[in-house]
Amino acid sequence: MTKENKRVVIKIGSSSLTSMHGEISRRKLEKLVDEVVRLKDDGHEVLLVSSGAVAAGYRKLGCLTRPSTLPEKQAAASIGQGLLMESYSDLFLSHGYMDSQILITRSDFSDENRYNNARNTINVLLERGIIPIVNENDTITIDRLKFGDNDTLSAKVAGLVDADKLIILSDIDGLYDADPRKDKDAKLLDRVHEITPEIEDAAGDPGSDVGTGGMKSKIDAFKIAMASGINSFLGKAGTENIVYDAVYHNATGTYFESKPENENLDQKKQWIAFNSGPEGEVIIDHRAKESIVEMKNSLLPMNVHHVKGRFKSGSVVRIHDLNGEEIGLGVVNYSSEKLKEMISLTEPELESYEKAAVERKDFVCHLEVSMPVGV
């Protein structure tokens, strides 16, 4: 892949793939596939994060409306995922391209080894010209272990594969400074370089009864992408050539581009910040906070004030100050039991421990990068 060609992640939601009756819309699928094929013909690598399994399957399950119970949703997904992939495969093969299915859960990302395995697998597929189609494994995932929506999933996948561009297609043509459904004077924002509190306040509720994500979830997704150094775009799925034009910066919508001076997270820090699933807490005093945040030093065992929870060496923990404010996330070199033992030791006794409690390279500070909460 040359410098001119890009690795593109495209997220499309349920409402952009199904008809008004809840069935897979062949016309909408053909439009999306045609644009992906144009990008592939230009030499770009493309990965799809596609919703639609539940929406495609619930009528085949015998439900007149989208199911509300978890077992029914999972049963509908088990039917719909096959139908969705069959349609994608038929269309891509007609253009001479092969696709592949990747179903993942949040736990696949929270385990670092499985995270790296997913990265390696997808890289092989992309390098071989295959179009990976990613979706959450809705058939088996329980609510508390879900990504929440495919907006968040797409941003994490974009970071996973070092994408150059993330395109999120929706039923609205970009980010407005107010809810356009309620305010006729709302203006479309062409460029966003920072997710401000005002932008977050303007994020509304879900606009479709087919999908699960609203503007709030998209804002969280763009936070992740921008922190990872990935330029992103939000536009309306039904717009002619929206995907193709977005890659070439010619589409109408909102472009999210972080400022050049912003710190971008490397792969390790992306995993820590957005996927790891912290297992405990380490509380530090003001002096230690200043050292790790402002002076960018590692956190020494002698600066650990208190430990909460049970965790092993190598776990990710939340780091708080004495006021309860979360400072960031980091990988600990000692178990919770060992850290608790070390708290009672004197400084000369602690000198025999060569490792820091948390190495600075394995620490992500909330003040250094805007991070969505709870993703």
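See the structure above.
None of these values were measured; they are calculated from a predicted model.

Next up on the list: the side chain of Asn135. As for its placement among the helices and strands, Asn135 is situated in strand 4 (residues 131-136). Exposure remark for Asn135: the relative accessible area of 3% places this residue in the buried category. Look past the residues within four positions of Asn135 in its chain and what remains in contact with it is Ser50, Ala53, Gln81, Ile102, Leu103, Ile104, Asn150 and Leu153.

The next thing to look at is the pairing of strand 4. Across the 6 residues of strand 4, 6 count as buried, placing the element largely inside the fold. Here 2 bridges tie strand 2 (residues 45-50) to strand 4, and the two strands are oriented parallel to one another. From the neighbouring strand, Leu48 faces strand 4, where its bridge partner is Ile133. As judged from the 6 bridges shared by strand 3 (residues 99-104) and strand 4, these two strands associate in the parallel manner. Looking at strand 4, one finds that Asp99 is bridged to Ile131.

Once that is clear, we can look at the environment of Asn137. Inspection of the secondary structure assignment puts Asn137 in the loop between strand 4 and helix 6 (150-160). On the accessibility criterion, Asn137 (16% relative accessible area) is buried. For the pair Asn137 and Ala53, spaced 84 residues apart in sequence, the C-alpha to C-alpha distance is 9.6 Å. Those residues within four positions of Asn137 in sequence are excluded, and the remaining contacts are Leu103, Ile104 and Thr105.

Below, the discussion takes up the nonpolar core. Grouped together as the largest cluster of nonpolar side chains are 49 residues, with contacts concentrated most on Val9, Leu47, Val134, Leu166, Leu175 and Phe256. Top element by residues in this core is helix 8 (residues 215-227). It accounts for 8 residues. Discounting residues that sit within four places of it in the chain, Leu47 has contacts with Val8, Val9, Ile10, Ile122, Leu126, Pro132, Val134 and Val157. Counting 31 residues, the second largest nonpolar core, distinct from the first, contains Val8, Tyr97, Ile167 and Ala246.

What follows deals with the sheet that holds strand 8 (residues 254-256). Within the open sheet, the 8 strands sit side by side as 3-4-2-1-5-7-8-6. Their pairing is mixed. Strands with a single pairing partner mark the edges of an open sheet, and in this sheet they are strand 3 and strand 6 (191-192). In the sheet, strand 7 (residues 231-236) pairs with strand 8 via 3 bridges, with the strands oriented antiparallel. Residue pairing for strand 8: Phe233 is matched across the bridge by Tyr255. In the packing of helix 8 onto the sheet, the strands contacted are strand 5 (165-170), strand 6, strand 7 and strand 8, and the crossing angle to strand 7 comes to about 155°.

Using the criterion set out here, one finds 17 salt bridges in the structure. Its salt-bridge partner being Glu45, residue Arg7 comes within 2.7 Å of it at the nearest N-O pair. Here Arg7 is found in strand 1 (residues 7-12), whereas its partner Glu45 is found in strand 2, with 38 residues between them in sequence. Judged on exposure class, the residue Arg7 and its partner Glu45 are both buried. Between Lys289 and Asp321 there is a salt bridge, with the nearest N and O atoms lying 3.1 Å from each other. Residue Lys289 is located in helix 11 (residues 286-293), and its partner Asp321 is located in strand 11 (residues 316-321); the two are separated by 32 residues in the primary sequence.

Cut-offs used in this document
Residues numbered from 1 in each chain as written. Predicted model: local features only at pLDDT ≥ 70, side-chain atom pairs only at ≥ 80, totals over all residues. Heavy atoms only, no water. Helix = DSSP H or I, 4+ residues; strand = E, 2+ residues; numbered from the N terminus. Buried < 20%, exposed > 50% of the residue type's maximum accessible area, 1.4 Å probe, protein only. Contact = heavy atoms within 4.5 Å. Pairing = 2+ DSSP bridges. Core = buried A, V, L, I, M, F, W, Y, C linked by side-chain atoms within 4.5 Å. Axes fitted to C-alpha atoms, helices over the stretch in contact; angles between N-to-C directions. Salt bridge = Lys/Arg side-chain N within 4 Å of Asp/Glu carboxyl O.

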